[in-house]
Amino acid sequence: MERGKYYITTPIYYVNDLPHIGHIYTTVVADVIARYKRNRGFDVRFLTGTDEHGQNVERAAIRQGIAPKELADRVVGRYHDLWKVLGITHDDFIRTTDARHRAGVEAIIRRIQAAGDIYLDRHSGWYCSSCEAFYTEKELGEAKLCPTHERPAEWHEEENLFFRLAAYQDRRLAFYHEHPDFIRPASRYNEVVRFVESGLRDLSISRVTLKWGIPFPGHAGHVVYVWLDALANYVSALGYGSSETALYERYWPADLHLVGKDILRFHCVYWPAFLMSAGLPLPRTVYGHGWWLRDEKKMSKSVGNVVRPDPLIARFGPDALRYFLLREMNFGQDSNFSDEAFLLRYNGDLANGLGNAASRVLAMSRRYFAGRVAGERCTDNDLRGTAEAVVARYLAAMDELEFQCALEAVWELLAAVDLYVNEKAPWSIAKAEGADSPKLRRVLYNCLESLRLAAVMVEPVMPVIARRLLAQLGSDAATGEAALRWGGLEPGAPLGDEGALFPRADVDAYFAEVSVETKDNAHTQPVGATAQPAPAPAPATPAAPVAVPAAAVPAVPIVPAASPAQAEQVTIDDFARIKLVVGTVKLAERVPKSNKLVRMEVDLGEPELRQIVAGIGKQYTPEQLVGKQIVVVSNLKPATLMGVESRGMVLAATLPDGAPVLLATERELPNGAGIK
Ligand code: MSP
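Reference entry: report on the structure contained in this document. (Residues numbered from 1 in each chain as written. Predicted model: local features only at pLDDT ≥ 70, side-chain atom pairs only at ≥ 80, totals over all residues. Heavy atoms only, no water.)

**Remarks on the site of the ligand**
Around the ligand there are 24 residues in total, and Ile12, Asp51, Gly260, Asp262 and Trp292 lie nearest to it. At 2.8 Å, a backbone N or O of isoleucine 12 approaches a nitrogen atom of the ligand. One nitrogen or oxygen atom from the main chain of glycine 260 is found 2.8 Å from an oxygen atom belonging to the ligand. In isolation the ligand offers 660 Å² of accessible surface; the protein chains occlude 95% of this area. (Near = heavy atom within 4 Å. Polar contact = N/O pair within 3.5 Å; in protein donor to acceptor, adjacent residues only side chain to side chain. Areas by Shrake-Rupley, 256 points an atom, 1.4 Å probe, with all protein chains shown as cover.)

Encoded structure:
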């Protein structure tokens, strides 16, 4: 059933930074909504892209000694790779350096000019170049710090073109009043209304000190203010300003602009005022979501606390990260990112929850029904009642963008399947009545059908896993509206492969691998530098682990190393930076509460023994280690593993089953002997 069009957008991302968890969040959420709406029969248009002009980008390019466009091209490549790995289903990717975009910006400006809303004036004020926005002294406080970036604002003085924003104050307020759904959630609505009520000042919409931007039509020497430039992407991508306006006519106005709360003002005040002035329809809703924090601060490059998505995707697969982002954050509010929380969700909700429920029911179906869907539909049973109530709650929650509630509902169904299996005890039925028992067929059919519904419901969030589960259940992977009705599984259909959906993560090994070093490296890599490893391709088995950067891994690589062709190449100088030395283990003991980690004190020929923690406790007892001569990376940045500081890393080879084997020298050497 065609339900009409649905146009959803993400902000376009600055190319002075590589994508971190905060950036991908908006796009993943938009993708979940786009997939859900498509499944519900909407004609969806999903837009994302990059914001490539402005002072930030110009400065970042100068710092790297390259042209801004070259920087943009490099970073855009990273976004394309990442969106592919994450399964983002955008229909279009706009770059503000595209010719089609420039045409759209010029067209809007011409209409604003024709409305008499642009004038030239001298202007001075405090400017935050990270936000690309002026602030009042009151907003900055005594220290003149930007409220978002907590960095000093700069004093700017120049002749600019101005937009008559103040003239739109009353019209803006009347509009908010008449369209309470324009700004969501409600808390953000109040924030914006208060801001507008406190008085709007005209907005400077050109820059003369900057060269990297779109020339302002009719005003040589001025470039278009980066926010006016950027906001216009939502219409320029639809062909506004060109002769091809079919997409614009079909999809504009946008149904949902999804943005972080830091850019709400631009989307809820400036953008609608520009559109009003240009006589264009206004978007239906702007949703301002919260921030991902790290250590209680907004994750951002300027603070230096970002988490990059690549290692998480490489280890756990894209769907696990998508699930975590949607399930962990209360949509609209801030949320703190931690590895602990990630692993808890991964092992708890995915490996134990969804994964176990599926493997348990599938294993019984294989055993009792020769790998086929149990041959009896059952229309009246407890599980069906629960499933139907869950589907209704799920749909209502998804329509309201309450992803947490929607997922909670699905997990209630999974818990109900577990309980049902325990209560009905299919193994006892089989024993008492044999595998031919109609009761056994009905019980297992009900479980499989509930799992099918769960798979259809999680599909927008975990598309790869959902399709795999549907295939395992012998379903045709249908995800449309009808797929949410009870009874879709065909009795007798062959079941698919047997593999686990989410292999359980070894928490100890994970923390042993992910040293503080990994994160530090991620912070300091230059933007768009070619040395940055490309994101790992989506693993064939979504949760299949992938090797992590070797220099950051203590001696428990639980997986085979990347093949030479995949591995990043280093120069001899890179290698020379790593100090490898011979040492003797003087003391070894297990780290409490860990079944893998061992704390060692190693003689490296230095005045004091070195404390090193390694994940080798399953293969080596402390007694075997004491007295052994080993090879150590001695200049590795210290890392804390399960609360114990490790100052170095022992080297080990890895067997195919993941077991480490310590490296040793051909004969005994003085401690501290260097290796090259
Ligand atoms: N280029 C502008 C947007 C122009 S839209 C017409 C911009 N770019 S940005 O790269 O700085 O940010 C893009 C999006 O990422 C924003 O929605 C921002 O809120 C979001 N995030 C950046 N850091 C974030 C977190 N730590 N947490 C959640 N989202 C955050 O602003």
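Once you've had a look at it, read on.
**A closer look at the side chain of arginine 207**
Position of arginine 207 relative to the elements: it lies in strand 9 (residues 206-207). For the buried arginine 207, no salt bridge exists, and the shortest N-O distance to an oppositely charged side chain is 4.8 Å, to glutamate 158. At 3.4 Å, the side chain of arginine 207 and the side chain of tyrosine 127 are in polar contact. A distance of 2.8 Å separates a polar atom in the side chain of arginine 207 from a polar atom in the side chain of serine 204. Dropping the residues within four chain positions of it, arginine 207 is found in contact with Tyr127, Phe134, Glu158, Asn160, Gly221, His222, Val223 and Tyr225. (Helix = DSSP H or I, 4+ residues; strand = E, 2+ residues; numbered from the N terminus. Buried < 20%, exposed > 50% of the residue type's maximum accessible area, 1.4 Å probe, protein only. Lys, Arg positive; Asp, Glu negative; His and termini not counted. Salt bridge = Lys/Arg side-chain N within 4 Å of Asp/Glu carboxyl O. Contact = heavy atoms within 4.5 Å.)

**A word on the environment of valine 417**
Position of valine 417 among the secondary structure elements: in helix 16 (residues 403-424). Remark: the alpha-carbon pair of valine 417 and alanine 358, spanning 59 residues in sequence, is separated by 9.5 Å. Non-local contacts of valine 417, meaning those with residues more than four positions away in its chain, are made with Val361, Leu383, Cys447 and Ser450.

**Points about helix 15 (residues 382-399)**
A rise of 1.5 Å per residue sets the reference length of helix 15, with its 18 residues, at 26 Å; its end C-alpha atoms lie 26 Å apart and thus fit the reference within 8%. For helix 15, every residue scored as buried is listed here: Leu383, Ala387, Val390, Val391, Tyr394, Leu395, Ala397 and Met398. All buried residues of helix 15 lie within an arc of 165° about the axis, which places them on one face of the element. Each element contacted by the buried residues of helix 15 is listed here: helix 1 (21-39), helix 16 and helix 18 (438-458). Count one or two residues on from helix 15 and you reach leucine 401, which has phi positive near 60°. (Expected span 1.5 Å × (residues − 1). Arc of directions from axis to C-beta.)

**Some remarks on the nonpolar core**
Counting residues in hydrophobic clusters, the biggest one holds 122 residues, and the most contacted among them are Ile21, Leu325, Trp411 and Met462. No other element matches helix 14 (residues 339-369), which puts 14 residues into this core. Aside from chain neighbours lying at most four places away, what touches isoleucine 21 is Trp292, Met299, Val307, Pro309, Leu312, Leu321, Leu325 and Phe337. With 69 residues, the next largest nonpolar core counts Ile108, Leu238, Leu264 and Leu275 among its residues. (Core = buried A, V, L, I, M, F, W, Y, C linked by side-chain atoms within 4.5 Å.)

**A few points about the pairing of strand 19 (residues 629-633)**
Counting buried positions along strand 19 yields five of five residues, so the element is predominantly enclosed. As defined by bridge partners, strand 16 (residues 580-590) adjoins strand 19 across five bridges and the pair is classed as antiparallel. When the sheet's bridge partners are listed, leucine 580 is paired in strand 19 with valine 633. Here two bridges tie strand 19 to strand 22 (residues 649-650), and the two strands are oriented antiparallel to one another. Following the sheet pairing, valine 633 is matched in strand 22 by methionine 649. (Pairing = 2+ DSSP bridges.)

**Observations concerning the packing of aromatic side chains**
A complete count under the given rule lists 32 aromatic pairs for this structure. Ring pairs connect the aromatic residues Tyr25, Trp292, Phe316, Phe324, Phe337, Phe342, Tyr346, Phe502, Tyr510 and Phe511, which therefore count as one cluster. Lysine 37 extends its terminal NZ or CZ atom over the ring of phenylalanine 42, reaching a point 4.8 Å from the ring centre. When the ring centre of tryptophan 291 is taken as origin, the NZ or CZ atom of lysine 261, which lies over that ring, is 4.4 Å away. (Phe/Tyr/Trp six-rings, centres within 6.5 Å; stacked < 30°, edge-to-face > 60°. Lys NZ or Arg CZ within 6 Å of the ring centre and 35° of its normal.)

**Examining helix 17 (residues 426-433)**
Those residues of helix 17 not exposed but buried are Pro426, Ile429 and Ala430. Down the axis of helix 17, the buried set is contained in an arc of 100°. They therefore lie on one face. Projecting away from the buried face of helix 17 at angles above 90 degrees are the exposed residues Lys431 and Ala432. The inward-facing, buried residues of helix 17 contact helix 14, helix 16 and helix 18. Trailing helix 17 by a residue or two, glycine 434 shows a phi angle of about 85°, which is positive.

**What to know about the pairing of strand 18 (residues 610-614)**
Summarising burial for strand 18: four of the five residues are buried, a large majority. Note that strand 17 (residues 598-603) and strand 18 share five bridges and pair antiparallel. By the bridge assignment, arginine 599 is partnered in strand 18 with valine 613. Where strand 17 folds back onto strand 18 in an antiparallel hairpin, the turn is made up of six residues, including glycine 605, whose phi is positive at roughly 75°.

**Here's the deal with the packing of helix 16 against helix 17**
The interhelical angle for the contact between helix 16 and helix 17, taken along N-to-C directions, is 30°, at an axis separation of 6 Å. The orientation of helix 16 relative to helix 17 falls into the category roughly parallel. Counting all contacts with helix 16, which are made through Val421, Asn422 and Lys424, the residues of helix 17 involved are Pro426, Trp427 and Ile429. A per-class count over the contact of helix 16 with helix 17 returns four nonpolar, one polar and one charged. (Axes fitted to C-alpha atoms, helices over the stretch in contact; angles between N-to-C directions. Parallel < 35°, antiparallel > 145°, perpendicular 65-115°, else oblique. Nonpolar A, V, L, I, M, F, W, Y, C, P; charged D, E, K, R; others polar.)

**Focus: the sheet that holds strand 13 (residues 292-294)**
Read from one edge to the other, the open sheet built from three strands follows the order 14-13-15, with strand pairing classed as mixed. Each of the sheet's edge strands pairs with one partner strand only, and the pair in question is strand 14 (297-298) and strand 15 (335-336). Here strand 13 pairs with strand 14 via two bridges, running antiparallel. In the sheet register, arginine 294 faces strand 14, and the bridge partner there is lysine 297.

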